[in-house]
Amino acid sequence: MIRITEIHKRFGTLEVLKGVSLEVSPGEVVSIVGASGAGKTTLLQIIGTLSRPDAGHVEFDGRDLFSLNDKELSQFRNEHVGFVFQFHNLLAEFTAFENVCLPGLIGRRPRAEVERRAAELLDLMGLSGRRDHKPGQLSGGEQQRVAIARALVNSPTVLLADEPSGNLDSHNREEIHRLFFDLRDRLGQTIIVVTHDEHLASMADRKITMSDGLIVCP
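Rules used throughout
- Residues numbered from 1 in each chain as written.
- Predicted model: local features only at pLDDT ≥ 70, side-chain atom pairs only at ≥ 80, totals over all residues.
- Heavy atoms only, no water.
- UniProt positions renumbered as here; feature names shortened; annotations may be inferred.
- Helix = DSSP H or I, 4+ residues; strand = E, 2+ residues; numbered from the N terminus.
- Axes fitted to C-alpha atoms, helices over the stretch in contact; angles between N-to-C directions.
- Parallel < 35°, antiparallel > 145°, perpendicular 65-115°, else oblique.
- Left-handed = near helix turned anticlockwise from the far one by under 90°.
- Contact = heavy atoms within 4.5 Å.
- Nonpolar A, V, L, I, M, F, W, Y, C, P; charged D, E, K, R; others polar.

- Looking up the protein chain in an unreviewed UniProt entry gives the name ABC transporter ATP-binding protein, with the organism given as Candidatus Alistipes intestinigallinarum.
- The UniProt entry for the protein chain carries this comment under Sequence similarities (unreviewed entry): "Belongs to the ABC transporter superfamily. Macrolide exporter (TC 3.A.1.122) family."

## What to know about unusual backbone geometry
Turning to step 1, where the next piece is worked out: Its identity is not glycine, yet Arg-108 carries a phi of approximately 60°, on the positive side.
Turning to step 2, where the next piece is worked out: The residue Arg-108 is located in the loop between helix H3 (96-106) and helix H4 (111-124) in this model.
Turning to step 3, where the next piece is worked out: With phi around 50°, Ser-155 is a residue other than glycine that occupies positive phi space.
Turning to step 4, where the next piece is worked out: Mapped onto the fold, Ser-155 is located in the loop between helix H5 (140-152) and strand E7 (158-162).

## Notes on the packing of H3 against H4
Turning to step 1, where the next piece is worked out: Two elements in contact, H3 and H4, have axes whose closest approach is 9 Å; the angle formed by their N-to-C orientations is 130°. Overall, the two elements H3 and H4 adopt an arrangement that is oblique. Regarding H3 and H4, the two cross each other, and that crossing is right-handed. Residues Ala-96, Phe-97, Val-100, Cys-101, Gly-104 and Leu-105 of H3 form the contact with H4, whose own contacting residues are Arg-111, Val-114, Glu-115, Ala-118, Ala-119 and Leu-122.
Turning to step 2, where the next piece is worked out: In terms of residue class, the contact of H3 with H4 is made up of nine nonpolar, one polar and two charged.

Written as structure tokens, this is what we have:
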């Protein structure tokens, strides 16, 4: 489903990615590990089209993404990519339900459809009783589950997670880890996760190790 071929990325004189190639199948959970500065987050941002490579290709179902212009890429991201970060980035003035609905409304999908999907996802996350709470009224683990629901509201092709449990205590971290695999099993969700957590990495279908801008262990 996803084919990444010979990706290079440089920031000034620093070459961060040095010819990375990777394929990801539908419904696969792939973890990417490596020391800080190995290029993991840069690769994830390129897969998610948040950053353009200097050379190489990223294909989704045979479609070369970086042949698209910025407007087309923005539409692609909204429709096909869900993002989860270490810090949930929920909007403090909105409820959990409203935060989950936002990407669907931004994508101009019918409100009734978006609200139905948001309610389903909050139920899947075990948060039906917290839908009208604002982020400040939720625990860290609850906030991250809201962020995951938000990432899924447009039924993305792939969920990209960058250190999704890095800011959580051990109990909430374990819950988030189990949730990813529940999403794969129940929704067939494809997930690529960058993590320093060896437990989460080892749970994945495949663990990719990066070092100095290259994949060293596929």
